[in-house]
Amino acid sequence: MSHLAEITWLHLSYDTTSALHIHDVHSVATLITNSCSDGVSENQKQNMEEQTAKPTVTETWLRKHRLQYNGATRHPFILSIRDGSVNFSSFKRWLGQDYIFVRSFVPFAASILMKSCKESSEESDMEVILGGMASLNDEINWFKNEASKFHVSLTSVVPQNANVKYCKFLESLMSPEIEYPVAITAFWAIEVVYQESFAHCLEEGNSIPQELQETCERWGNAGFGAYCRLLRDIVDRCLQKASPEVVSKAEVLFLSVVEHEVEFWNMSVGEASM
């Protein structure tokens, strides 16, 4: 039996209380810092402020690579859903291709879970990742239901070049040689691009077609956003402790995910991938 088959699939919804817990932790940290500030020198206070203000690794990446990141999260395909001009043939192409991708994503997610069990010093990592995995069975069923509504025969869908390359990319990350901080970075990047893309669709002033409202809410909802923030916290914690070589490797994979996402959107609107 595979490791994936051994996992008990719980139908869990993303829990926004986790985000509240994080907020509480930050609040407590602030209170402790304030209560101790009277007993430290001005230099110590300044050092503490500088450390607090120092951007995380992911913040640095998002600033540094904002143009590429926006290319994925504000792609014309996403913008066409938001403004209601989307070609439904493009949406149906995306639907069929993403169903194939999600089925490849499942073993990748399972490999991340195994790496967290073996390499992470934080038990909470496993809980966060497992919480995300618990939704994948429901997600696959959602694709099947949507395909039925849009008359897309999933058994007849042939994976296109961009999808094949993306799935092979996922497979390469399942290797034991790929460090946990690197693999979890790719996992977070894949999730957060979808979350930010569809959350943008839901922002005020949208003209989302009624038929696609559920799609946008599936990945753009606040609960999924809270889950992505938890993943990002894991990534930043891991990379803070990682060697410069591992951090560089993770950054390269972050950009690779962004590039694959852009190619996937391009494929959806009918642009050929090289």
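In case you missed it, the structure is sitting above this.
Bear in mind the structure is a predicted one, so any value in this text is a computation, not a measurement. (Residues numbered from 1 in each chain as written. Predicted model: local features only at pLDDT ≥ 70, side-chain atom pairs only at ≥ 80, totals over all residues. Heavy atoms only, no water.)

Trainee: What should I look at first to understand the packing of aromatic side chains in this one?
Mentor: Taken as a whole and judged by the stated rule, the model has 27 aromatic pairs. Arranged with centres 6.0 Å apart and planes meeting at 50°, the rings of Phe143 and Trp219 form a pair that is tilted. Of this pair, Phe143 sits in helix H9 (residues 136-149) while Trp219 sits in helix H12 (residues 213-220), placing them 76 residues apart in sequence. Residue Phe143 is classed as buried on the basis of its relative accessible area, which comes to 1%. An aromatic cluster is defined as three or more aromatic residues linked by ring pairs; in this entry it consists of Phe77, Phe88, Phe91, Trp94, Trp142, Phe143, Phe150, Tyr194, Phe198, Trp219 and Trp265. (Phe/Tyr/Trp six-rings, centres within 6.5 Å; stacked < 30°, edge-to-face > 60°. Helix = DSSP H or I, 4+ residues; strand = E, 2+ residues; numbered from the N terminus. Buried < 20%, exposed > 50% of the residue type's maximum accessible area, 1.4 Å probe, protein only.)

Trainee: Teacher, can you tell me more about the packing of helix H5 (residues 66-73) against helix H14 (residues 244-268) here?
Mentor: Helix packing geometry: the angle between the two helix axes and the distance between the axes. Two elements in contact, H5 and H14, have axes separated by 8 Å at closest approach and are oriented at 35°. Along this stretch, H5 crosses H14, giving a crossing that reads as left-handed. Counted together, Gln68, Tyr69, Gly71 and Ala72 of H5 and Phe254, Val258, Glu261, Val262 and Trp265 of H14 form the full contact between these two elements. The residue makeup of the contact of H5 with H14, split by class, is six nonpolar, two polar and one charged. (Axes fitted to C-alpha atoms, helices over the stretch in contact; angles between N-to-C directions. Left-handed = near helix turned anticlockwise from the far one by under 90°. Contact = heavy atoms within 4.5 Å. Nonpolar A, V, L, I, M, F, W, Y, C, P; charged D, E, K, R; others polar.)

Trainee: Hey, could you run me through the side chain of Ser90 in this one?
Mentor: Along the polypeptide, Ser90 turns up in helix H7 (residues 88-119). For Ser90, a relative accessible area of 8% puts it in the buried group. Among the polar contacts listed, one links the side chain of Ser90 to the backbone oxygen of Ser268, at a separation of 3.4 Å. Not counting chain neighbours up to four residues away, the residues in contact with Ser90 comprise Phe77, Ser268 and Val269. (Polar contact = N/O pair within 3.5 Å; in protein donor to acceptor, adjacent residues only side chain to side chain.)

Trainee: Just checking my understanding: could you explain the environment of Arg232 for this structure?
Mentor: Within the secondary structure, Arg232 is located in helix H13 (residues 222-241). Not counting the four nearest positions on each side in its chain, Arg232 is found in contact with Thr56, Thr58, Glu59, Leu62 and Trp188.

Trainee: For this particular structure, what's the right way to read H13?
Mentor: Residues spaced three or four apart along an α-helix face the same direction, because each turn holds 3.6 residues. Taking 1.5 Å per residue, 20 residues should reach 28 Å; H13 reaches 29 Å between its end C-alpha atoms and fits that length. Its side-chain oxygen 2.9 Å from the backbone nitrogen of Gly223, Asn221 forms the N-cap of H13. (Expected span 1.5 Å × (residues − 1).)

Trainee: What exactly am I supposed to notice about the pattern of salt bridges here?
Mentor: Enumeration over the complete set of coordinates arrives at six salt bridges. The shortest N-O distance in the salt bridge between Glu251 and Lys64 comes to 3.0 Å. Taken together, the residues Glu251 in helix H14 and Lys64 in helix H4 (residues 57-64) connect sequence positions 187 residues apart. The shortest N-O distance in the salt bridge between Lys249 and Glu179 comes to 3.2 Å. Highlighted residues: Lys249 in helix H14 and Glu179 in the loop between helix H10 (161-172) and helix H11 (180-202), separated in sequence by 70 residues. A cluster of three or more residues bridged by salt bridges with shared partners is formed by Glu146, Lys149 and Glu214. (Salt bridge = Lys/Arg side-chain N within 4 Å of Asp/Glu carboxyl O.)

Trainee: What exactly am I supposed to notice about the nonpolar core here?
Mentor: Soluble globular proteins: nonpolar side chains tend toward being buried together. The biggest cluster of nonpolar side chains holds 76 residues, and the ones touching the most others in it are Trp94 and Phe198. Counting residues per element, this core draws most heavily on H11, at 14 residues. Once residues lying within four places of it in the same chain are set aside, the contact partners of Trp94 are Phe77, Trp142, Phe143, Tyr194, Phe198, Thr215, Trp219, Phe264, Trp265 and Ser268. (Core = buried A, V, L, I, M, F, W, Y, C linked by side-chain atoms within 4.5 Å.)

Trainee: Would you take a moment to explain the environment of Ser121 for this structure?
Mentor: Structurally, Ser121 can be placed in the loop between H7 and helix H8 (123-133). Here the alpha-carbon distance between Ser121 and Cys238, two residues 117 residues apart in the chain, equals 9.6 Å.

Trainee: Sorry, what's going on with unusual backbone geometry here?
Mentor: Most peptide bonds take the trans configuration, and most residues that are not glycine carry a negative phi. A positive phi angle, close to 55°, is found at His151, a residue other than glycine. Position of His151 relative to the elements: it lies in the loop between H9 and H10. Judged by relative accessible area, His151 falls into the exposed class, the value being 75%.

Trainee: How should I be thinking about the packing of H11 against H13 in this particular structure?
Mentor: Look at H11 against H13: their axes get within 9 Å of each other, and the N-to-C directions meet at 155°. Between H11 and H13, the interaxial angle falls into the category roughly antiparallel. Crossing angle aside, the handedness with which H11 passes H13 is left-handed. From H11, Tyr180, Pro181, Ile184, Thr185, Phe187, Trp188, Glu191, Val192 and Gln195 reach across to H13, where they touch Phe224, Gly225, Tyr227, Cys228, Leu231, Arg232, Ile234, Val235, Cys238 and Leu239. A per-class count over the contact of H11 with H13 returns 14 nonpolar, three polar and two charged. (Parallel < 35°, antiparallel > 145°, perpendicular 65-115°, else oblique.)

Trainee: I would appreciate a short explanation of empty space enclosed by the protein in the present structure.
Mentor: Where empty space is left in the structure can be found by rolling a water-sized probe over the atoms. In total, this model carries one cavity of 30 Å³ or more according to the counting rule given. The space that makes up the largest cavity amounts to roughly 140 Å³. Around the largest cavity sit 14 residues that line it, and Glu139, Ile190, Glu191, Tyr194 and Trp219 are the ones nearest its centre. Mapped onto the lining of the largest cavity, the elements with two or more residues apiece are H7, H9 and H11. No other element matches H7, which puts four residues into the lining of the largest cavity. (1 Å grid on protein atoms, 1.4 Å probe; cavity = no way out; pocket = protein on both sides within 12 Å on 5 of 7 lines; lining within 4 Å. Points joined across faces, edges and corners; volume = space filled by probe spheres on them.)

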